[in-house]
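A look at the structure
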Amino acid sequence: MTEKMVDLRSDTVTQPTPSMREVMMQAPLGDDVFGDDPSVNALQEQVAALLGFEAALFMPTGTQSNLCALMAHCQRGDEYIVGQQQHTYRWEAGGAAVLGSIQPQPLENLPDGSMRIEDIDAAIKPDDPHFARTRLLSLENTWGGQVLPMAFIDAAHALVQQRGLAFHLDGARLFNAAVAQAAQTGRTAQEEVKRIAAPFDSVSVCFSKGLGAPVGSALCGSRALIDRAKRIRKMAGGGMRQAGFLAAAASYALEHHVQRLAQDHALAQKLAQGLADIDGVAVQTPQTNIVFVDLQGTARARSADLLAYLAQHGVRATGIYRLRFVTHLDVDEAGIDRAIEVFRAFFQK
């Protein structure tokens, strides 16, 4: 019998659980472009209340959710400040510039995902016709699996209030951050979600990563911002019709899959510990569900062979000299044991 593939490429590879599929098939449907899909409306109310916002808008993807946020905050010729290694700048195909004519001003991300407050302050352009108008600061949490420090979020919030900028959060893995933070503070994950989201004018959250829904993200913000974003979503081709099938999966995920993210975090720790003492391998201690493994020396020269060996033996990962392993609800402890075994076997042969 062929062993099940241990797919650690991303938490986007998850399949809907049987219970989630059942809820999807039973979802009441309407036409969301007309605003009368009851399952979509219920999800939007649910996620807005959960994060502490007036309104929310269901989107097909996180990339579209971030794009609609940036375009709702900024006009053509405006600028937003963003980390050099953040998703909205580096991995969303330049959409803000191409589709929104919004100039990104990237800054260096520090190892914890933050940026220097003085660098952000210095990057804000003066009110002068020579410069693009700085309108927005965008952060990301988690960032490479790291939980963005609340002290930095609060300091950045104080700066944008002082300088009159809007404040957006790419919270694709916001619930991972909240669960990890709750384990440190003793609060609930729901309390930490609101605490993280509170300083921001808009937050994008993804349902199709750790939460395990097949498709979808939501943008949360004021009613006025969401009204603007809805027009942009339509322009960008994101107006879906009987989208309640997908919204029902997202609602199920919010109700049943938030607390279980702690299991993914524990498995990431187990994986990191299992790889930590291999020569030529430097493992970054994970805070949530993403494990980065840096290959050094002779191990670096064998990176292509390593990935091929892992795949040949039923373990999938991404990267070249820096490998990324992501735990999720379709990976169990036996799968992590197997990944450790195969990884170590490559270096022992």
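Here is what the cut-offs are and how they apply
Residues numbered from 1 in each chain as written. Predicted model: local features only at pLDDT ≥ 70, side-chain atom pairs only at ≥ 80, totals over all residues. Heavy atoms only, no water. UniProt positions renumbered as here; feature names shortened; annotations may be inferred. Phe/Tyr/Trp six-rings, centres within 6.5 Å; stacked < 30°, edge-to-face > 60°. Helix = DSSP H or I, 4+ residues; strand = E, 2+ residues; numbered from the N terminus. Buried < 20%, exposed > 50% of the residue type's maximum accessible area, 1.4 Å probe, protein only. Domains from an automatic or database assignment. Buried area = accessible area lost by both parts, 1.4 Å probe. Salt bridge = Lys/Arg side-chain N within 4 Å of Asp/Glu carboxyl O. Polar contact = N/O pair within 3.5 Å; in protein donor to acceptor, adjacent residues only side chain to side chain. Nonpolar A, V, L, I, M, F, W, Y, C, P; charged D, E, K, R; others polar. 1 Å grid on protein atoms, 1.4 Å probe; cavity = no way out; pocket = protein on both sides within 12 Å on 5 of 7 lines; lining within 4 Å. Points joined across faces, edges and corners; volume = space filled by probe spheres on them. Axes fitted to C-alpha atoms, helices over the stretch in contact; angles between N-to-C directions. Parallel < 35°, antiparallel > 145°, perpendicular 65-115°, else oblique. Left-handed = near helix turned anticlockwise from the far one by under 90°. Contact = heavy atoms within 4.5 Å. Arc of directions from axis to C-beta.

As recorded in an unreviewed UniProt entry, the protein goes by Low-specificity L-threonine aldolase and comes from Lampropedia puyangensis. Among the UniProt annotations of the protein, the heading Subunit (unreviewed entry) holds the following wording: "Homotetramer." Under the UniProt heading Cofactor (unreviewed entry), the entry covering the protein gives this text: "pyridoxal 5'-phosphate".

1. Regarding the packing of aromatic side chains
By the definition in use, this model includes 6 aromatic pairs. Measuring from ring centre to ring centre gives 5.5 Å for Tyr 309 and Phe 346, while their planes differ by 55°; the resulting arrangement is tilted. Here Tyr 309, found in helix 14 (residues 303–312), pairs with Phe 346, found in helix 15 (residues 333–348); they are 37 residues apart in sequence, far enough to count as distant. Assigned by exposure class, Tyr 309 and Phe 346 land together as buried. When the ring of Phe 343 is compared with that of Phe 347, the centres are 5.4 Å apart and the planes differ by 35°; the resulting orientation is tilted. With a gap of 4 residues between them, Phe 343 and Phe 347 both fall in helix 15, about one helical turn apart. Considered together, Phe 343 and Phe 347 belong to a single accessibility category, that of buried residues. Connected via pairs of aromatic rings, a cluster forms that spans Tyr 309, Phe 325, Phe 343, Phe 346 and Phe 347.

2. So, the domain arrangement of the protein
Assigned domains within the protein: domain 1 (18–257) and domain 2 (260–348). One C-alpha centre belongs to domain 1, the other to domain 2, and the line joining them spans 29 Å. The contact between domain 1 and domain 2 buries some 1200 Å² in all, and 55% of this surface belongs to carbon and sulfur atoms. Counting the surface domain 1 buries against domain 2, the share from its top three residues, Arg 173, Asn 176 and His 257, is 36%. On inspection of domain 1 and its partner domain 2, the count reaches 0 salt bridges. Put simply, domain 1 and domain 2 have 4 residue pairs in polar contact (both at pLDDT 80 or more) between them. The element contributing the most residues to the side of domain 1 that touches domain 2 is helix 8 (residues 174–185), with 4 residues. Grouping the amino acids of the side of domain 1 that touches domain 2 by side-chain chemistry returns 5 nonpolar, 9 polar and 1 charged.

3. Focus on the layout of surface pockets
A volume near 820 Å³ is recorded for the largest pocket. If you trace the largest pocket, you find 36 residues lining it, with His 87, Trp 91, Gly 144, Phe 292 and Arg 324 closest to the centre. A breakdown of the residues in the lining of the largest pocket according to their chemical character gives 9 nonpolar, 20 polar and 7 charged. Counting the residues that make up the lining of the largest pocket, at least three belong to each of domain 1 (18–257) and domain 2 (260–348).

4. Structural notes on the packing of helix 8 against helix 9 (residues 189–197)
Close contact between helix 8 and helix 9 brings their axes to 8 Å; oriented N to C, the two are set at 115°. Taken together, the axes of helix 8 and helix 9 lie roughly perpendicular to each other. You can see that helix 8 and helix 9 cross each other, and the crossing is right-handed. Of helix 9, the residues touching helix 8 (which contributes Leu 174, Phe 175, Ala 177, Ala 178, Val 179, Gln 181, Ala 182 and Thr 185) are Ala 189, Glu 192, Val 193, Arg 195 and Ile 196. For the contact of helix 8 with helix 9, the residue count by class is 9 nonpolar, 2 polar and 2 charged.

5. Re the pattern of salt bridges
With the rule as written, the count across this model stands at 18 salt bridges. Note that Glu 108 and Arg 116 form a salt bridge whose closest N and O atoms lie 3.1 Å from each other. On the basis of relative accessibility, which here comes to 48%, the residue Glu 108 falls in the partly exposed class. One salt bridge connects Arg 163 with Asp 121, and the closest N-O pair in it is separated by 2.3 Å. Of this pair, Arg 163 sits in helix 7 (residues 150–163) while Asp 121 sits in helix 6 (residues 117–123), placing them 42 residues apart in sequence. On the basis of relative accessible area, Arg 163 is assigned to the partly exposed category, the value being 34%. Each of Asp 7, Arg 9 and Arg 316 takes part in a single network of salt bridges with overlapping partners.

6. Notes on helix 9
Of all the positions in helix 9, only Ala 189, Glu 192, Val 193, Ile 196 and Ala 197 are classed as buried. Taken down its axis, helix 9 places every buried residue within 130° of arc, on the same side. Summarising the contacts, the buried residues of helix 9 are in contact with helix 2 (38–51), helix 7, strand 6 (166–171), helix 8 and strand 7 (202–206).

7. A word on the packing of helix 14 against helix 15
Helix 15 packs onto helix 14 with a crossing angle of 135° between their chain directions and a minimal axis gap of 10 Å. When the interaxial angle is binned, helix 14 and helix 15 end up oblique. In the crossing of helix 14 with helix 15, the sense of the turn from one axis to the other is right-handed. Residues Asp 305, Leu 306, Tyr 309 and Leu 310 of helix 14 touch helix 15, and the partners they reach there are Val 342, Phe 343, Ala 345, Phe 346 and Phe 347. Partitioned by chemical class, the residues of the contact of helix 14 with helix 15 number 8 nonpolar, no polar and 1 charged.

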